[in-house]
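An overview of the molecular structure
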Amino acid sequence: MKNISYLFLAVLFAFASCDKEDETPAQMNVEITFENTLNGNPLELNQENFTLPSGEPFMVKKFKYYISNVVLTDTESATQYIENDSYHLLGQDFNSVIDLGMIPSANYDQITFSIGVDEVANSRTDQTGDLDPNNDMAWNWNSGYKFVVLEGEFTHQSTQERTGLIFHIGTNSNYATVTLPLSGVMAGKASSIALETAIDELFSNPNILAPSNMASTTVMGGPVADQIGQNYAEGFIKAN
Amino acid sequence: MRSLIRYAGWMMAGALLYSCGESESPVAQGPTPISLEKPDYFSDQQAMPSDNPLTEEGVRLGRMLFYEKKLSQDGTISCSSCHQQEKGFSDGLQVSPGVNGTLGTMNAMALSNLHWQTRFFWNGRAVSLEEQALLPIEDSLEMNLPLDEAISRLQDDPDYPELFQAAFGSDQVTSETIGKALAQFERTLISANSKFDKWIRGEVELSPEEELGLELFFTHPEPSIQLRGGNCGDCHLGFLTSGDPNGIAGFHNNGLDSDEKLKSGLEFVTGNPFDKGKFKAPGLRNIALTAPYMHDGRFSTLDEVLDHYNEHIQNSETLDVLILEASNEALDPSKPIKLYLSAEEKQAIIAFLHTLTDEEFVSNPKFSNPFN
């Protein structure tokens, strides 16, 4: 038995031998994970057990959003990591991770990112990767992207009918930049930054939306879309 | 115990060899790797399965198998009987006859741009092309040939063992390699030279009617901001016009039947009652050539399809919310679900659908019967 452990030690040593010891590595691996929630519970698509803040039973069918222009800051040393070409499409049962890969080491204590895509990226749809217009987030060929998409159905309070709820929120004025404090990211150590979205925040703070009272439960522009934009600008994404 | 130690020893030796040096890749012998010939506006993000890379030899073999009648019980039917190139790889029939003329129950699906799809069949019961390809061979309503019989027929053939050797490094025919070869050929069935493609690439203009149809196709209507649309692009997504490839997101109930008549569809696969009546949203490329339409081939023309979406939607427990909510006039819950497109708008969408016909695809000699 002992033999084996010695061998393993040797193996470990062989692997470690390329690294210089005692120094903080110049690079560190960082990823950002997103958990989606509704009223504090982890979101599940096509399940009936959710309730809207206004009380209607609610089933989510699709939830997707763009996170872009990610910046990590170490406020102490004023070091910043600015991700290049930073556009990420996230969504329930779709993608929950932004992998920044190896980035310069620092004690990052702040993260900044935007919900949606910036004016430049939003002015064209001939792009690839997460901005590929075939990702189902382009409005059509010439008018940019949906930033936040929520689709589902709820039981209408007055008609008791199964009613669709469709939020497709975009346009440059609803591009929202968020800065959050971080804890636990240490220079040189692989880190996973856990963020959380709260779908209920789309319906409240500062604008309260009760779908049973809405004139149209399809929102794809206009004043209600802007209200939802204001709602997601704050409190929609938090550090977990 | 001893073998464990030896194993650890090997690991160590491996680690030492590997640790700081550069790895050398051995000179590859075997089939010739090729890549898909696709336009750059088809996503790069759909990976090729790592255990079935595309090769010249694999595609060649797959093409032969696709047209091989030996793979049916009585030697009368091949995949191409129901998936005919000139009809966009469909067969023009409501349901298809298998061996002995036994009629199936579903409409033969058109095949194109399959690499960008992740679930196959109308109800999504196959999760890879490799897996899908073996099912029609055994299906009693289709080719009705047990797989071991298929294997021995190919093994006993004067040519096939050599072709399997060239494609997969062994002359032993297996069901796995049959599936892999067919899947490789099917992935090469890329349709990307329609008028719509030429328009995407800036090579041609669309007529005003086609352009209106395109706008309507990809727009979800929003009467409160005077935005007119047919909302087709909500489910037939992007340049591919096919369903969402993520999980089961590309399956919908598009209002063909009311609750009483709803078939199980995706529910058969997931067991979830919310999935009842949901079917795969197919890609619409070459749609003008692939009538009749829908999983049961109930519509024989595109006019009927448009009439369905515009004025004959049947409500049900699982009707897609994107249809439930889509209208060009303010919703009135007391009225039936209607899109309220005008006759001209419906014709414009049909004109756009005709721009999805790809003459090169349906006559490309690379996809045709190799035995002719």
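Residues numbered from 1 in each chain as written. Chains lettered and ligands numbered in written order. Predicted model: local features only at pLDDT ≥ 70, side-chain atom pairs only at ≥ 80, totals over all residues. Heavy atoms only, no water.

**Digging into the confidence of the model for chain A**
We apply this condition: The quantity known as pLDDT measures the predictor's confidence residue by residue, on a range of 0 to 100. Labels follow the DSSP assignment, with helices taken as runs of H or I lasting at least four residues and strands as runs of E lasting at least two, numbered in each case from the N terminus.
Overall, the prediction assigns chain A a mean pLDDT of 88, with 90% of residues at 70 or greater. When pLDDT is averaged over each helix and strand of chain A, the minimum, 44, is found for helix α1 (residues 2-16) of chain A and the maximum, 98, for strand β8 (residues 110-115) of chain A.

**Topic: the nonpolar core**
Keep this limit in mind: Within this scheme, the nonpolar core is defined by two criteria: the residues are buried Ala, Val, Leu, Ile, Met, Phe, Trp, Tyr or Cys, and they are joined through side-chain atoms within 4.5 Å. Remark: exposure states derive from per-residue accessible area (1.4 Å probe, protein chains only) relative to the maximum for the residue type, with buried under 20%, exposed over 50%, and partly exposed in between. Note that the domain bounds were set by an automatic or database domain assignment. It only takes one pair of heavy atoms within 4.5 Å for two residues to be counted as in contact.
By size, the foremost hydrophobic cluster in this structure holds 75 residues, and its most contacted members are Leu65(B), Ile178(B) and Leu353(B). The two domains that each donate at least three residues to this core are domain 1 (30-190) and domain 2 (195-360) of chain B. What Ile178(B) contacts, discounting residues up to four positions off in sequence, is Leu65(B), Leu134(B), Ile137(B), Ile151(B), Leu154(B), Phe164(B) and Val173(B). Core analysis: the next-biggest nonpolar cluster, separate from the first, contains 61 residues, Val60(A), Ile67(A), Ala176(A) and Tyr232(A) among them.

**With respect to the domain arrangement of chain B**
Residue and element names in this part refer to chain B. Test applied: Reported buried area values correspond to the accessible surface (1.4 Å probe) lost by two parts on association, with both partners' losses combined.
Each domain of chain B was delimited in the assignment, giving domain 1 (30-190) and domain 2 (195-360). Here the C-alpha centroids of domain 1 and domain 2 sit 28 Å apart. Listed as interface residues are 25 residues of domain 1 and, on the opposing side, 28 residues of domain 2. Between domain 1 and domain 2, roughly 2,300 Å² of surface is buried when both sides are summed, and carbon and sulfur atoms account for 60% of that area.

**Quick notes on the side chain of Glu325(B)**
Rules: We count Lys and Arg on the positive side and Asp and Glu on the negative side, and we leave His and both chain ends out. Any carboxyl oxygen of Asp or Glu that lies within 4 Å of a side-chain nitrogen of Lys or Arg is treated as forming a salt bridge with it. Counted as a polar contact is a pair of N or O atoms within 3.5 Å, where, for protein atoms, one must be capable of donating a hydrogen and the other of accepting one, and residues adjacent in sequence contribute only when both atoms are in side chains.
Secondary-structure assignment places Glu325(B) in the loop between α12 (321-324) and α13 (343-354). Of the buried charged residues, Glu325(B) lacks a salt bridge, with Arg162(A) as the closest side chain of opposite charge at 9.3 Å. Within the structure, Glu325(B) has its side chain in polar contact with the backbone nitrogen of Gly164(A) (distance 3.3 Å). A polar atom in the side chain of Glu325(B) sits 2.9 Å from the side chain of Thr217(A).

**Focus: the pattern of salt bridges**
Residue and element names in this part refer to chain B. For the structure shown, the criterion picks out 21 salt bridges over all chains. A salt bridge links Glu210 to Lys195; its shortest N-O distance comes to 2.9 Å. Placement of the pair is Glu210 in helix α9 (residues 208-217) and Lys195 in helix α8 (residues 195-200), with a sequence separation of 15 residues. Judged by relative accessible area, which is 30%, Lys195 ranks as partly exposed.

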